[in-house]
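# Inside the fold
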Amino acid sequence: MEAFLDTLFFLYVYLMLLFFSTSFLISESSSLFPSCRLWRHFELNGMHKPGDVILGGLFEVHYTSVFPDFDPPGFRHAMTMAYAIDEINKNSNLLPNVTIGYSLYDNCATLVIGFSAALSLASGREEQFLAQETCLGSPPVSYFATCSCLSDRRRFPSFFRTIPSDAFQVRAMIQILKRFSWTWVGLLVSDDDYGLHVTQSLQADMAQSGAGCLAYTEILPWGENPAELKRIVEVIKKSTARVVIVFAHQIHMIQLTKEVVRQNVTGLQWIASEAWTSAAVLQIPQLMPYLGGTLGIAIRRGEIPGLRDFLLQVCPDLHHNSSYGNTGWLEAGGPLCTGQEDLENVETEFLDVSNLRPEYNIYKAVYALAYALDDMLHCVPGRGPFSEHSCFTLYLALQTAATPPSLFLSDSTECISCPEDYWSSPQRDHCVPKETEFLSYHEPLGICLTTTSLLGTFFCAVVLGIFTYHRNTPVVRANNSELSFLILLSLKLCFLCSLLFIGRPRMWTCQLRHAAFGISFVLCVSCILVKTMVVVAVFKASKPGGGASLKWFGAVQQRGTVVALTAIQAAICTAWIVSASPAPHKNTQYHNDKIVYECVVGSTIGFAVLLGYIGLLAILSFLLAFLARNLPDNFNEAKLITFSMLIFCAVWVAFVPAYVNSPGKYADAVEVFAILASSFGLLVALFGPKCYIILLRPERNTKKAVMGRGTTKT
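Residues numbered from 1 in each chain as written. Predicted model: local features only at pLDDT ≥ 70, side-chain atom pairs only at ≥ 80, totals over all residues. Heavy atoms only, no water.

The name an unreviewed UniProt entry assigns to the protein chain is G-protein coupled receptors family 3 profile domain-containing protein, from the organism Anabas testudineus. What UniProt records for the protein chain under Subcellular location (unreviewed entry) is the sentence "Cell membrane". (UniProt positions renumbered as here; feature names shortened; annotations may be inferred.)

Dropping the structure here:
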């Protein structure tokens, strides 16, 4: 647990790291210091704005100086600094009566050009610049970058670190390796201080912590070098290490992925440094089979209100460098903008301010310098922060204040847990309601079951109409028409109650569905049971001395028995609902990204007793009808009842295991199917043969035919 917390801490701390080695410099014009002369001028892409205090910045606006490739995010980084300075100059409460200017240069992702731009910022663009005493002194410069090499106070006394060094990123990487037990990894680094110092640090820390070993270490070349890239990718492809750490710049990954795609190298787990973790140019569908699942450490994202409106004001100025012009950034031979273009409705990477990470650090760094300058301007002698509480001059104060700040942060993380009913959006930036799943009337399964239920109800109504119209015929009268009508009515209720299992579960539907189902089937089966008993009694009464048995099966007794048996089921349902009522429930156990809306039975015992009572009556009817199956032909009602009960019991025996093993809405579908199948079985088995005689064989629907069939054989 402690190691995991350390991982979180290092990951969080490193959110403050900035892409590449962006540098901020500051100089001040003063008549207190002697002057020196420039030896040469550098031809650099740049933007300038005059001011009392000049802040300098180096940004990667083009990838290389040999093959220029414009980098919209890099230009946006530079304009973010310009925006922050413009915002500070408009703030009357911060640095009043002091105007901040800037000199912004393009380093072209090349060390030589970056150093040239740094020297220009240190010495100024004029023929003369001022130093403290002699030209041998340190220039009035303070800058920052992530390279751990810059932590050497002896070599870089004026370095002012505003973000943690790469040493913290290395430690975070090692924690990731230990967390997932990845002990055999490859390492790719850029051919500069950013990559080379990481190599030394990673090897030393891995050996010390026992996190694992490096299978190989390769240095990615600057510029176009297809042969070297081909060799490196072949090393990756042949190695048994499936985890690859890449400490390199975005341009290196662009070149590397081209070769990775060409050789079709898949199945690797990439771990990205902050320089390319969130690079939009690498987050495209074509690269997902190769880079999908990459783990990386990103800079903390922030909001900069008003930045997009500021970016929309950027326009070319072909005659002189303006505050918002882009003359210095134009490529040689590139098409020139007229300044009349409307960017408001154009989707460009330059105007995308939805994921401000390095820009947020640039914005904060400019404000940090502004507030430091403001504090020094308001310093009271004797209460200053320097030796003997003095207030140094602006230049000396900046030199003295170049001390690394403390790695103690008070924020909380950006990640939040979504509520139980919500799920993270595909962009992982907000919570969206989870999909709700239930047996709906609008899906194919629900439509089929609803249609079948309504058809069953319609067939019951048709049979009931046939029996009512032919109620005085021998076939209807000989089969106890009152109980037949009651069976048809109960079957109609069975078909209709299945509709309660379809649709969004609600409290009343959850309570009513099982009660209606249980009572309807008990009414039906109890009528069949009584009808079977009457058939047996009538047969016994037809024999000498058996007439006394009919007195126990008169119309009143039949109705009373049906009511009593049904009342028992009603009492079971009432006790179940009162003690542990079924209720709608949002189940999140089946799926993480959806809610299964279902009715919980409340009491498993209540549900079991309800089904068990129906099964008991069905088994009694089946056994009684089975024993009476050999009665003479005119009493063949027993055979039909035997067959119908056999179908009924088979359906419900198969229902129990299918119901238990069906999740969510499919459990409801199984129960509806069992209700419909058993209802159709009873309807067809009990009334199919009678409807056949009534409609298609009317010559057999006579008293003579019915009585004739009752003749016993000797």
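### Points about the overall build of the protein chain
When helices and strands are counted, the protein chain shows 20 helices and 16 strands. By the burial criterion, 47% of the 714 residues in the protein chain qualify as buried. (Helix = DSSP H or I, 4+ residues; strand = E, 2+ residues; numbered from the N terminus. Buried < 20%, exposed > 50% of the residue type's maximum accessible area, 1.4 Å probe, protein only.)

### Topic: the pairing of strand β15 (residues 583-587)
Successive residues of a regular strand alternate their side chains across the two faces of the sheet. By the bridge criterion, five bridges tie β15 to strand β16 (residues 594-600) in an arrangement that is antiparallel. Along β16, the bridge assignment pairs Ala 583 with Val 600. Adjacent in sequence and paired antiparallel, β15 and β16 are bridged by six residues. (Pairing = 2+ DSSP bridges.)

### Notes on the packing of aromatic side chains
Scanning all chains against the criterion turns up 20 aromatic pairs. Both rings, one in Phe 467 and one in Phe 687, keep their centres 5.5 Å apart while their planes meet at 80 degrees; by these two values the pair is edge-to-face. With Phe 467 in helix α12 (residues 444-469) and Phe 687 in helix α19 (residues 665-696), this residue pair connects regions lying 220 residues apart in the sequence. Phe 687 carries the same exposure label as Phe 467, and that label is buried. Each ring, one from Phe 521 and one from Trp 652, has its centre 5.9 Å from the other, and the planes form 80 degrees; the classification is edge-to-face. Placement of the pair is Phe 521 in helix α15 (residues 507-541) and Trp 652 in helix α18 (residues 637-660), with a sequence separation of 131 residues. Taken together, Phe 517, Phe 521, Trp 576, Phe 607, Phe 648, Trp 652, Phe 655 and Tyr 659 form an aromatic cluster joined through their ring pairs. One Lys or Arg, Arg 171, reaches over the ring of Phe 168 and ends 5.1 Å from the middle of that ring. In this structure, Arg 179 is placed above the aromatic ring of Phe 180, and the distance from its NZ or CZ to the ring centre is 5.8 Å. (Phe/Tyr/Trp six-rings, centres within 6.5 Å; stacked < 30°, edge-to-face > 60°. Lys NZ or Arg CZ within 6 Å of the ring centre and 35° of its normal.)

### Regarding the packing of α18 against α19
At their nearest, the axes of α18 and α19 sit 9 Å apart, and the two run at 175 degrees to each other. One finds that α18 runs roughly antiparallel with respect to α19. Broken down by class, the residue content of the contact of α18 with α19 amounts to 20 nonpolar, three polar and three charged. (Axes fitted to C-alpha atoms, helices over the stretch in contact; angles between N-to-C directions. Parallel < 35°, antiparallel > 145°, perpendicular 65-115°, else oblique. Nonpolar A, V, L, I, M, F, W, Y, C, P; charged D, E, K, R; others polar.)

### Overview of a nonpolar patch on the surface
A contiguous nonpolar patch, built from Leu 455, Phe 458, Phe 459 and Val 462 and spanning about 350 Å² of accessible area, is present on the exposed surface. Mapped onto the elements, Leu 455 comes out in helix α12. (Patch = residues over 30% accessible without salt bridge, like charges linked within 9 Å, V, L, I, M, F, W, Y side chains within 5 Å. Areas by Shrake-Rupley, 256 points an atom, 1.4 Å probe, with all protein chains shown as cover. Salt bridge = Lys/Arg side-chain N within 4 Å of Asp/Glu carboxyl O.)

### Notes on the side chain of Lys 434
In this structure, Lys 434 sits in the loop between β13 (431-433) and β14 (435-437). Apart from residues no more than four positions distant in its own chain, Lys 434 is found in contact with Glu 420, Asp 421, Tyr 422, Trp 423, Thr 588, Asn 592, Asp 593, Lys 594 and Ile 595. (Contact = heavy atoms within 4.5 Å.)

### As for the state of the cysteines
The full count for this structure, using the stated rule, is two disulfides. Put simply, Cys 379 and Cys 391 are joined by a disulfide, and their sulfur atoms are 1.8 Å apart. Note on the Cys 379 and Cys 391 pair: the S-S dihedral is about -75 degrees, so by sign convention the disulfide is left-handed. Separated by 12 residues along the polypeptide, Cys 379 in the loop between α10 (358-377) and α11 (394-400) and Cys 391 in the loop between α10 and α11 bring together distant segments of the chain. (Disulfide = S-S within 2.5 Å.)

### Comments concerning the packing of helix α16 (residues 555-579) against helix α17 (residues 604-627)
When two helices pack together, you describe them by how their axes are tilted relative to each other and by the distance separating the axes. Interhelical geometry of α16 versus α17 gives an angle of 170 degrees and a closest axis separation of 9 Å. Compared by their axis directions, α16 and α17 come out roughly antiparallel. Contacts between α16 and α17 pair Leu 565, Ile 568, Gln 569, Ile 572, Cys 573 and Trp 576 from the former with Gly 606, Phe 607, Val 609, Leu 610, Tyr 613, Ile 614 and Leu 617 from the latter.

### Re the nonpolar core
Ranked by size, the top nonpolar core spans 63 residues in total, and within it Phe 517, Phe 648, Trp 652 and Phe 687 carry the most contacts. With 14 residues, the single largest contributor to this core is α19. Grouped together as the second largest cluster of nonpolar side chains are 35 residues, Met 79, Ala 82, Leu 104 and Val 314 included. (Core = buried A, V, L, I, M, F, W, Y, C linked by side-chain atoms within 4.5 Å.)

### Details of the sheet that holds β15
Strand order in this open sheet of three strands is β14-β16-β15, and the pairing throughout is mixed. Whereas interior strands pair on both sides, the edge strands pair on one side only; in this sheet they are β14 and β15. For this sheet, the mean inter-axis angle between neighbouring strands, taken without regard to orientation, is 30 degrees.

### Regarding the sheet that holds strand β11 (residues 295-296)
Spatially, the five strands line up as an open sheet ordered β8-β7-β9-β10-β11, and their pairing is parallel. Here the strands that pair on one side only, and so sit at the sheet edges, are β8 (213-220) and β11. Bridge count for strand β7 (residues 184-190) against β8 is seven bridges, and the pairing is parallel. Its bridge partner lying in β8, Trp 184 is registered against Cys 213. In this fold helix α4 (residues 166-179) packs onto β7, β9 (243-247), β10 (269-272) and β11, with an angle of close to 170 degrees to the strand it touches most, β9.

### Notes on the pairing of β7
With respect to burial, β7 is a largely interior element, six of its seven residues being buried. Crossover connection from β7 via helix α5 (residues 193-209) to parallel β8: handedness right-handed. Examined bridge by bridge, β7 and β9 share five bridges and lie parallel to one another. Residue pairing for β9: Gly 186 is matched across the bridge by Val 244. (Right-handed = clockwise from strand over helix to strand, strands pointing away.)

### Some remarks on the confidence of the model for the protein chain
When the pLDDT values of the protein chain are averaged, the result is 78; 78% of them are 70 or greater. Averaged over each element, pLDDT in the protein chain is lowest for helix α1 (residues 2-13) (26) and highest for β10 (95). Ignoring residues within four places in sequence, the model shows residues 1-34, a span with pLDDT below 50, making 117 contacts including any to other chains. Note on residues 127-141: pLDDT is under 50 here. Beyond four places in sequence and across chains, it has 40 contacts. (pLDDT = per-residue confidence, 0-100.)

### What to know about helix α14 (residues 481-497)
Helical geometry note: an α-helix holds 3.6 residues per turn, so side chains three or four residues apart project in the same direction. With 17 residues, α14 should reach 24 Å at 1.5 Å per residue; the first-to-last C-alpha distance of 24 Å fits that figure. Those residues of α14 that sit buried are Leu 483, Ser 484, Ile 487, Leu 488, Ser 490, Leu 491, Cys 494, Phe 495 and Cys 497. (Expected span 1.5 Å × (residues − 1).)

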